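What the coordinates show
Okay, here's what each chain looks like letter by letter:
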Amino acid sequence: MEGKQIIIAVSNDLLVDQRVHRCACTLVEMGAAPLLVGRKLPDSQEINGRPYRIHRMRLLFRKGPLFYACYNVRLFFLLLFRKADMLVSNDLDTLPACYTVARIKNLPLVYDSHEYFTEVPELIGRTFTRNVWTGIEKRI
């Protein structure tokens, strides 16, 4: 892992995601150079003192299909033009951009889903939305 550039993509505010923080710290301990990519909300606090690089994107939308579409388009271009040895998609909502760039650049892709995204409470009872995410997951 020495010197490997690993980009970890999440769709949340990196300040509160302890699981991703621990993962990035482990990669640093192994000699890798992780870059965490997430979002920045208007009320997001600054992140200081982390042993890895952080890139937070401001987006026009905060939720819903337009948020996910805009986030994946922005993430796609960021990943396409950044040097990386490996991409890590942290959950299904970052997988479309990560998968596409990994295919284009012939990079290893890790899909690190800590839960079944299509089974989260926010999707229960929302058949159409759930089916869209299930279709994306099956396709990739």
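The subject of this paragraph is the nonpolar core. Residues Ile-7, Val-37, Tyr-71, Leu-75, Leu-79 and Leu-87 are the most contacted members of the largest nonpolar core, which totals 19 residues. For this core, the secondary-structure elements that each account for two or more residues are β1 (5-9), β2 (33-39), α2 (64-80) and α3 (95-105). Among the elements that make up this core, the one with the highest residue count is α2 (6 residues). Filtering out sequence-adjacent residues up to four positions away, Tyr-71 remains in contact with Val-10, Ser-11, Val-37, Gly-38, Met-57, Leu-59 and Thr-94.

Their axes nearest at 8 Å, the elements α2 and α3 cross at an angle of 30°. By the angle between their axes, α2 is roughly parallel relative to α3. Between α2 and α3 lies a crossing whose hand is right-handed. Counted together, Asn-72, Leu-75, Phe-76, Leu-79 and Leu-80 of α2 and Pro-96, Ala-97, Cys-98, Thr-100, Val-101, Ile-104 and Lys-105 of α3 form the full contact between these two elements.

Tallying each qualifying case throughout the model produces 4 salt bridges. The partner of Asp-13 in a salt bridge is Arg-56, with the nearest N and O atoms 2.6 Å apart. Residue Asp-13 is found in the loop between β1 and α1 (18-29), and its partner Arg-56 is found in strand β3 (residues 53-57); the two are separated by 43 residues along the sequence. For the residue pair Asp-13 and Arg-56, the accessibility class agrees, reading buried in each case. Lys-40 is the partner of Glu-46 in a salt bridge, and the nearest nitrogen-oxygen pair spans 2.8 Å. For Glu-46, a relative accessible area of 54% translates into the label exposed.

This paragraph deals with the sheet that holds strand β4 (residues 86-89). Strands sit in the order β3-β2-β1-β4-β5 across an open sheet of 5 strands; the sheet is parallel. Bordering the open sheet on either side are β3 and β5 (109-111), each of which pairs with just one other strand. For this sheet, the mean angle separating the axes of adjacent strands, direction not counted, is 20°. In the sheet, β1 pairs with β2 via 5 bridges, with the strands oriented parallel. Within β2, the residue paired with Ile-7 across the bridge is Leu-35. Contacts from α3 reach β1, β4 and β5 within the one sheet, and its direction differs from that of β4 by about 160°.

Before going further, it helps to examine unusual backbone geometry. Of note, the phi angle at Asp-91 is positive, near 100°, even though the residue is not glycine. By the secondary structure assignment, Asp-91 is in the loop between β4 and α3. Backbone geometry places Asn-106, a non-glycine residue, at a positive phi of 55°. You can see Asn-106 is positioned in the loop between α3 and β5. Residue Asn-106 is classed as exposed on the basis of its relative accessible area, which comes to 70%.

Conventions used here
- Residues numbered from 1 in each chain as written.
- Predicted model: local features only at pLDDT ≥ 70, side-chain atom pairs only at ≥ 80, totals over all residues.
- Heavy atoms only, no water.
- Core = buried A, V, L, I, M, F, W, Y, C linked by side-chain atoms within 4.5 Å.
- Buried < 20%, exposed > 50% of the residue type's maximum accessible area, 1.4 Å probe, protein only.
- Helix = DSSP H or I, 4+ residues; strand = E, 2+ residues; numbered from the N terminus.
- Contact = heavy atoms within 4.5 Å.
- Axes fitted to C-alpha atoms, helices over the stretch in contact; angles between N-to-C directions.
- Parallel < 35°, antiparallel > 145°, perpendicular 65-115°, else oblique.
- Left-handed = near helix turned anticlockwise from the far one by under 90°.
- Salt bridge = Lys/Arg side-chain N within 4 Å of Asp/Glu carboxyl O.
- Pairing = 2+ DSSP bridges.

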